[in-house]
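Chains, contacts and geometry: an overview
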Amino acid sequence: MSKNKLAKFAEMADFKNVVQPDDVSFDRTPYILRGKWRDDFFHNANPLTLELGCGKGEYTVGLAKNNPSGNYIGIDIKGARIWTGAKSALEQNLDNVGFLRTKIDLIDKFFDQDEVSEIWVTFADPQPKKQNKRLTSAYFLNLYRKICVNGARIHLKTDSRLLHFYTKALLEANGITPEFATDDLYASDFKGVAVEIQTFYEKMFLAEGKKITYLTFLLDKNKPVVEIPKFVEEP
Ligand SMILES: C[S@@+](CC[C@H](N)C(=O)[O-])C[C@H]1O[C@@H](n2cnc3c(N)ncnc32)[C@H](O)[C@@H]1O
C-alpha cells in the first residue's frame, strides 16, 4: 500500500464523519447504528439520502451543501476515495454528511426499515457479465426496498448504456415508469443537481467524449421487483 494511502487511512480513523466497521467484510450482524443514524449520528430527524459507490462523494457533499435540512451518507468499500469527500465535508463544516465504508451488498445490516428516503447510484460498475451484481438489478432494488420509505426516489447516473438500458428494461417489465430518463443528459433540457454536480469518474468519461445517461424512478415498498432475462446488449 502506498504511503499516501496509509497516511489517509491513519487520518481518517479520527474523522468524526466516517464510520468504518473494523472488519469491512462484516459478519452480517446488524450494525449498532442501524435504525439510529438520524438520532445517534446526525442528531436530528431529517430525511436520509444515500450515495452508493460514492467514490470521492461528490453527490454526498454537494447535495448536503444544497440542502442543510437533509442528511447524506456516501457508501463505498474504498477508504482512500472516501477520505476525499469526508475531508471536504469537515473543512466545510457540513454536519449533515457521513461516510460509511462497507460493501453495498450488506446495506440492510446497516439501515433499518423505512430509514432511507432517497438513493443516488453514481457511475456504478455496469457488471457486463454479472447482471445480479448491477446496483440496479432486482436483487439490489429488493434490498433497497427493505431499507427505504415507500416511494423512495432512486437516481441512476451513468456513462454505461448497458446499465441505463438494462435498468429501463427492468423497470418496464415491472410496471415502473421512470419519472425522468435520458440517454444524453447534457443534450437534454434537464435542469437540477444531476447536471450541476459532476463526479470524478463523470469528468473522466466526459473528457473521453462519452454521453452521460440519467434516470429516476420511485420504488414501491410493497411490490417485489422481478429480474428480467439476461440483458447484455447495449443498444
Ligand atoms: C466507477 S467508481 C464511481 C465512483 C464515484 N461514484 C464517481 O462517480 O466518481 C465505482 C465505485 O463503486 C465502489 N463499489 C463498487 N462495488 C461496490 C460494493 N459492492 N460495495 C461498495 N462499494 C462498491 C468502488 O469502490 C468505486 O469507488
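Further up the page is the structure itself.
This text gives an overview of the structure that appears in the document. Within any chain, residue numbers begin from 1 and follow the written order of that chain's sequence. Whole-chain, interface and lining totals are the exception, using all residues; otherwise, since this is a predicted model, local features are given only for residues with pLDDT of at least 70 and side-chain atom pairs are given and counted only at 80 or more.

**Digging into the site of the ligand**
The local shell around the ligand holds 18 residues, among which Gly53, Gly55, Phe123, Thr199 and Tyr201 are the closest. By definition, any uninterrupted DSSP run of H or I lasting at least four residues is a helix, any uninterrupted run of E lasting at least two residues is a strand, and each is numbered from the N terminus. Counting residues per element, the shell around the ligand draws most heavily on helix H9 (residues 200-207), at three residues. The classification used treats Ala, Val, Leu, Ile, Met, Phe, Trp, Tyr, Cys and Pro as nonpolar, Asp, Glu, Lys and Arg as charged, and all other residues, Gly among them, as polar. Looking at the shell around the ligand, its residues break down into seven nonpolar, four polar and seven charged. Only the C-beta atom matters for this test: placed from the backbone, it must lie within 6 Å of a molecule or strand for the residue to be near it.

**Some remarks on the environment of Ala152**
Assignment of secondary structure puts Ala152 in strand E6 (residues 148-158). In this scheme the burial state of a residue depends on its C-beta neighbours within 10 Å: 20 or more other such atoms mean buried, 12 or fewer mean exposed, and anything in between means partly exposed; the C-beta positions come from the backbone. Taking the number of C-beta atoms within 10 Å as the measure of exposure, Ala152 has 22 and is therefore buried. On a C-alpha basis, the gap between Ala152 and Val121 in space is 13 Å, while along the polypeptide they are 31 residues apart. Apart from the residues within four sequence positions on either side, Ala152 is in contact with Val116, Ser117, Glu118, Ile119, Leu218 and Leu219. The contact criterion used here is simple: two residues whose C-beta atoms, placed from the backbone, lie within 7 Å are in contact.

**Some details on the packing of helix H3 (residues 58-66) against helix H4 (residues 79-91)**
When two helices pack together, their arrangement is captured by the angle between the axes and the distance separating the axes. One can describe the packing of H3 onto H4 by two numbers: an axis separation of 9 Å at closest approach and a directional angle of 20°. With respect to H4, the element H3 is oriented roughly parallel. Crossing of H3 against H4: the hand is right-handed. Residues Thr60, Val61 and Ala64 of H3 form the contact with H4, whose own contacting residues are Gly85, Ser88 and Ala89. Here the residues of the contact of H3 with H4 sort into three nonpolar, three polar and no charged. The axes are straight lines fitted to the C-alpha atoms, using for helices just the contacting stretch, and the angles between their N-to-C directions are given from 0 to 180°. Every angle not falling under 35 degrees, over 145, or within 65 to 115 is termed oblique; those three ranges are roughly parallel, roughly antiparallel and roughly perpendicular. Left-handed describes a crossing in which the near helix is turned anticlockwise from the far one by less than a right angle; the clockwise case is right-handed.

**So, the pairing of strand E5 (residues 116-122)**
Of all seven residues making up E5, six are buried, and the element is well covered by its neighbours. Strand pairing follows a simple DSSP-based rule, namely that at least 2 bridges must link the two strands. Sheet topology places strand E2 (residues 48-52) next to E5; four bridges connect them, and they run parallel. When the sheet's bridge partners are listed, Leu50 is paired in E5 with Ile119. Of the pairings in the sheet, the one linking E5 to E6 comprises six bridges and is parallel in character. Each bridged residue has a counterpart across the sheet, and for Trp120 the counterpart in E6 is His155. With the strands pointing away from the viewer, any crossover whose connection runs clockwise from the first strand over the helix to the second is right-handed. As a crossover connection, the stretch from E5 through helix H6 (residues 138-147) into E6 is right-handed.

**Notes on the environment of Thr182**
Position of Thr182 among the secondary structure elements: in strand E7 (residues 180-182). Judged by C-beta crowding, with 18 C-beta atoms within 10 Å, Thr182 ranks as partly exposed. When the C-alpha positions of Thr182 and Thr213 are compared, they lie 5.6 Å apart, and in sequence the two are 31 residues distant. Among all residues touching Thr182, those that are not within four sequence positions of it are Ser188, Phe190, Thr213 and Tyr214.

**Concerning the sheet that holds strand E4 (residues 97-101)**
Two pairing modes exist for strands in a sheet, parallel and antiparallel, and in both the strands are linked by backbone hydrogen bonds. With mixed pairing, eight strands are arranged side by side in an open sheet as E1-E4-E3-E2-E5-E6-E8-E7. Since the sheet does not close on itself, it has two edges, and those belong to strand E1 (18-19) and E7, each with one partner. Where E7 meets strand E8 (residues 213-219), three bridges bridge the pair, whose relative direction is antiparallel. What sits directly across from Thr182, in E8, is Tyr214.

**Digging into the packing of helix H1 (residues 3-12) against H4**
Following both chains from N to C, one finds H1 and H4 inclined at 55°, their axes separated by 9 Å at the closest point. By the criterion of interaxial angle, the relationship of H1 to H4 is oblique. For the pair H1 and H4, the sense of crossing is left-handed. Contacts from Lys5, Lys8, Phe9 and Met12 of H1 reach H4 at Gly79, Ala80, Trp83 and Ala86. Considering only residue class, the contact of H1 with H4 consists of five nonpolar, one polar and two charged.

**Section: the nonpolar core**
Nonpolar core, as used here: buried Ala, Val, Leu, Ile, Met, Phe, Trp, Tyr and Cys residues forming one set through C-beta atoms within 7 Å. Judged by nonpolar contacts, the single largest core of 51 residues is most densely connected at Leu52, Val116, Ile119 and Tyr144. Setting aside its immediate chain neighbours within four residues, Ile119 contacts Leu50, Leu52, Tyr144, Ala152 and Ile154.

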